[in-house]
Amino acid sequence: MVAVKENSIKSQNLRVTCKPGAIAWTAVKYFSLIFCCFIAVLPIVSCVITAAKTEAEYQSTNVMTPPSNWFNITNYTKAFTMANMGVAFLNSFLILCIVLLGSTLIGSQLAYVLNRFKFPGNGLIRNLFTFAALLPGIAMQVSVYEIMTSLHLINTLYGYIIMMCGTDVMSMYIYIQYFENLPISLDESAYLDGASYFKIYWKILLPLLKPAIVTNLILKGVGVYNEYYCANLYLQDKRRLCTVATSLYTFTGPLGNKYNLICAGVIISLLPALIVFCICQKQIYNGVSAGAVKG
Amino acid sequence: MTKKKLGSRQRQQLTVIFAFTVIPLFLLILFTYYPFCKMVQFSFYNMKYIGPRKFIGLRNYIQVFKRDDIIRTMLLSLYYMAGSVVQIGLALYIATVFCFKVKAENLWKGFLFFPYMINGIAIGFIFKFFYTRGFVLDTVLQALGFDLNNLPYWLKDQAINNWSLVFSSVWRYLGSTMVLFLGAMMSVDTTLYEAAAMDGANKWQTFKHIILPSIKTIVTLNIILSITGSLSAFEPPYVITSGANGTGTFFVVMNDIAHTSQKVGLASAMAVFLLVVIFIAKMLQDLLFKYIFRNVNADDESHEAKKRHKKTALERGV
């Protein structure tokens, strides 16, 4: 990315005189960016505006009229208590922590074994995971529901957590790709020094795997935090077991047109995502394009 | 001596292989393959979650092609397919823009990408609000000189409501598709861009000869994925319109059949049908790639040649 920037700077310097074509291109370029960003931001900004309005303002002014006080937080506190978001954030946080820990361990261990050892069934396991990615998730829940019922895992946090811990093919391949860059001589010399394979994985390879782990944590984290369908299906006690995504759904029904509250709820729910995005923008992009490699 | 040592090493290997694969495989079988087999089995029965089951052969599958509401959803997916083609085109254009010099690159990218981070329910509410009569979209259009009376009801008018939903999906995924393409474009040797600029290649030539070949594979892949993706569209209609006014997609109708009317057999048959479609798309993809890969390899070689040529030319020039 940086390299390209430098290149273009160089090319600008090379072409000292600005041709009219270049000016037109610059105009088109920035116009399209401004236009697209305007559309991308408009729906969110309109929510921020409405969330800051008092009840009277909301009733009397147009939705796009700026609020008298941008920092009016009454709607936020109201939405927070009404949707039971304290419990929701706690549950989501708990789910996130355990699922991320579990899936990181499970995924990296599986990738370690698949990458480092040749054994009958190695290819089969890879194919099983690749094929599983083709199965449509929501469609499968018809029969997963029956299994969850018979295992008494419905309406329990741990049931949902266990379900979410499974490795998906994408994170497996991100780990495998990263393992391929770690020389096997590393394992060999450690083994000759008397380390067990488990120790090699835990003490030597896992710390080196950090970039891949970060990428997967972010991708999986975003996925789990935003997951709605299964949370709604399997965590049926909505007061006690709501997640952030399902708690938002309380705003349908009788509250369906209280948009000043709804918008406040929406903004609260996307704040954690916004914070993570601002901090890890680069890793998130890497994660998204890493997924492309294996398609 | 060595033999014995090798034996212990092998035993250790086997232990670690077993220990590290047993949990992921167990989860995979429990939550993917076992339900998959069950689903295929269910699809031949007339059943609810609880109660008696009756084997009815292929009648569920015949229903899938006979029920009007299900056939409608397949036609509906064409909207989403059109949407994803637009999305791919637009993402391609914006990614190309980013390939050339842009000021405040990360800021633009951040704005475009952020919708991808929002959960589907929140997006549903945002767009319910956005499309409500006299609210955000109508206000903006009125500011542009449209008369409110001439504007349709974005979510009720059957002529337009599916496009409204498709737009929300494009809004959500445009940024991520763009980042995906940009990643592929950047994987090209960056000296190529430099060389092209030095040779005075214009933007179109740069796009056609350097950018396009690098992303041909991923664009094709995305177009094929949009076939299955459009059949799997779920969240926009589910949250924004609850599938009312003719917006129920395949999954929305299936969800309803499975969990509201509890016709588990029929829902399973629908799922199996979707799977068959996915397989066909997958085969199509493999087939296409066999041909494209040949071309890509040829292209790569010509690129290499060009690059070498340019490098030598440069050196000579210096």
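Thresholds, definitions, all that
Residues numbered from 1 in each chain as written. Chains lettered and ligands numbered in written order. Predicted model: local features only at pLDDT ≥ 70, side-chain atom pairs only at ≥ 80, totals over all residues. Helix = DSSP H or I, 4+ residues; strand = E, 2+ residues; numbered from the N terminus. Buried ≥ 20, exposed ≤ 12 C-beta atoms within 10 Å, placed from the backbone. Rg over C-alpha atoms; globule rule 2.2 N^0.38 Å. Contact = placed C-beta atoms within 7 Å. Axes fitted to C-alpha atoms, helices over the stretch in contact; angles between N-to-C directions. Parallel < 35°, antiparallel > 145°, perpendicular 65-115°, else oblique. Left-handed = near helix turned anticlockwise from the far one by under 90°. Nonpolar A, V, L, I, M, F, W, Y, C, P; charged D, E, K, R; others polar. Core = buried A, V, L, I, M, F, W, Y, C linked by C-beta atoms within 7 Å. Domains from an automatic or database assignment. pLDDT = per-residue confidence, 0-100.

*Asks:* Is there a simple way to explain the overall build of chain B in this structure?
*Replies:* Each helix and strand counted, chain B has 12 helices and 2 strands in total. For chain B, the succession of helices and strands along the chain, N to C, is α-β-β-α-α-α-α-α-α-α-α-α-α-α. Evaluated residue by residue, chain B yields a buried proportion of 40% over its 318 residues.

*Asks:* Any chance you could explain the overall build of chain A here in plain terms?
*Replies:* Within chain A, the secondary structure is distributed over 15 helices and 0 strands. A globule of 295 residues ought to have a C-alpha radius of gyration of about 19 Å, yet chain A, at 25 Å, is considerably larger. In terms of overall dimensions, chain A has a C-alpha envelope of 75 × 70 × 35 Å along the principal axes. Contacts in chain A between residues at least 24 apart in sequence constitute 76% of all its contacts with a sequence separation of at least 6.

*Asks:* What am I meant to see in the packing of helix H3 (residues 68-99) of chain B against helix H9 (residues 203-231) of chain B here?
*Replies:* Working note: a packed helix pair is described by the angle between its axes plus the distance between those axes. All names here are of chain B. The contact between H3 and H9 brings their axes to 10 Å, and the two run at 155°. Between H3 and H9, the angle falls in the class roughly antiparallel. Relative to H9, the crossing made by H3 is right-handed. Here Ser77, Tyr80, Met81, Ser84, Val85, Ile88, Leu92, Thr96 and Cys99 of H3 lie close against H9, whose contacting residues are Phe207, Ile211, Val219, Asn222, Ile223, Ser226, Ile227, Gly229, Ser230 and Leu231. By residue class, the composition of the contact of H3 with H9 is 12 nonpolar, 7 polar and no charged.

*Asks:* Help me understand the environment of B:Gln87 in this model?
*Replies:* Residues and elements named next belong to chain B. Inspection of the secondary structure assignment puts Gln87 in helix H3. In this structure Gln87 comes out as buried when scored by C-beta crowding, with 24 C-beta atoms within 10 Å. Along the backbone, Gln87 and Met178 are 91 residues apart, and their C-alpha atoms lie at a distance of 9.0 Å.

*Asks:* Looking at this model, I keep getting lost on the interface of chain B and chain A. Mind explaining?
*Replies:* One frequently used descriptor of interface size is the decrease in accessible area upon assembly of the parts. Taken together, the contacts link 75 residues of chain B with 78 residues of chain A. When residues in the side of chain B that touches chain A are grouped by element, the largest group, 19 residues, is from helix H1 (residues 2-42) of chain B. In terms of residue class, the side of chain B that touches chain A is made up of 56 nonpolar, 14 polar and 5 charged.

*Asks:* In this structure, what is going on with helix H11 (residues 250-259) of chain B? I would like to understand it.
*Replies:* Across the 10 residues of H11(B), 8 count as buried, placing the element largely inside the fold. Those residues of H11(B) lying buried are B:Phe250, B:Phe251, B:Val252, B:Val253, B:Met254, B:Asn255, B:Ile257 and B:Ala258.

*Asks:* Would you take a moment to explain the nonpolar core for this structure?
*Replies:* Ranked by internal contacts, the top residues of the largest apolar core, which has 155 residues, are A:Val266, B:Ala95, B:Ile126, B:Phe181 and B:Met254. Among the elements that make up this core, the one with the highest residue count is helix H15 (residues 259-294) of chain A (14 residues). Viewed by domain, this core spans two of them, domain 1 (17-72) and domain 2 (84-294) of chain A, each represented by three or more residues. Excluding anything up to four places from it in sequence, B:Phe181 contacts B:Ala91, B:Leu92, B:Ala95, B:Ile215 and B:Ile218.

*Asks:* It is not clear to me how the domain arrangement of chain A should be interpreted in this structure. Could you clarify?
*Replies:* Residues and elements named next belong to chain A. You can read the domains of chain A as domain 1 (17-72) and domain 2 (84-294). Centre-to-centre, using C-alpha coordinates, domain 1 lies 34 Å away from domain 2. With 7 residues of domain 1 at the interface, the matching set in domain 2 holds 6 residues. Residue composition of the side of domain 1 that touches domain 2, grouped by class: 4 nonpolar, 1 polar and 2 charged.

*Asks:* Please explain the confidence of the model for chain B as it appears in this structure.
*Replies:* Low pLDDT means the predicted coordinates in that region are not meant to be read closely. Residue and element names in this part refer to chain B. Residues with a pLDDT of 70 or more make up 90% of chain B, whose mean pLDDT is 83. Per-residue pLDDT, averaged within each element of chain B, yields its smallest value for helix H12 (residues 264-317) (69) and its largest for helix H4 (residues 105-113) (92). Here residues 305-318 is modelled with pLDDT under 50, and outside its nearest four sequence neighbours on either side it reaches 4 contacts, counting other chains as well.

*Asks:* In this structure, what is going on with the packing of helix H5 (residues 85-116) of chain A against helix H9 (residues 169-181) of chain A? I would like to understand it.
*Replies:* Residue and element names in this part refer to chain A. Two elements in contact, H5 and H9, have axes whose closest approach is 9 Å; the angle formed by their N-to-C orientations is 50°. Looking at the two axes, H5 sits oblique to H9. The handedness of the crossing between H5 and H9 comes out as right-handed. Between H5, through Gly107, Ser108, Leu110, Ala111, Tyr112, Leu114 and Asn115, and H9, the contact on the second element is made entirely by Ser171, Met172, Tyr175, Ile176, Phe179 and Glu180.

*Asks:* Please explain the confidence of the model for chain A as it appears in this structure.
*Replies:* Residue and element names in this part refer to chain A. In this model, chain A carries a mean pLDDT of 85, and residues with pLDDT of at least 70 account for 92%. Looking at the elements of chain A, mean pLDDT is at its lowest for helix H1 (residues 2-14), recorded as 46, and at its highest for H5, recorded as 94. Every residue in residues 1-17 is under pLDDT 50, and counting partners more than four places away or in other chains gives 19 contacts.

*Asks:* Before we go on, may I ask you to explain unusual backbone geometry in this structure?
*Replies:* Among all residues save glycine, negative phi is the norm, and among peptide bonds the norm is trans. All names here are of chain A. Of note in this structure, Asn84 is not a glycine but carries a positive phi near 60°. Of note, the phi angle at Asn155 is positive, near 70°, even though the residue is not glycine. Following the sequence through the fold, Asn155 ends up in the loop between helix H7 (137-150) and helix H8 (157-165).

*Asks:* Sorry, what's going on with helix H6 (residues 136-143) of chain B here?
*Replies:* At 3.6 residues per turn, the α-helix brings residues three or four places apart onto the same side. Of the positions making up H6(B), those classed as buried are B:Val136, B:Leu137 and B:Asp138. Looking at the buried side of H6(B), the elements it contacts are helix H2 (20-51) of chain A together with helix H5 (120-131) of chain B. Looking one or two residues past H6(B), B:Gly145 carries a phi angle of roughly 105°, positive in sign.

*Asks:* Can you help me understand the environment of A:Lys210 in this one?
*Replies:* Relative to the helices and strands, A:Lys210 resides in helix H12 (residues 210-226). The sequence separation of A:Lys210 and A:Ser103 amounts to 107 residues, and the corresponding C-alpha distance is 14 Å.

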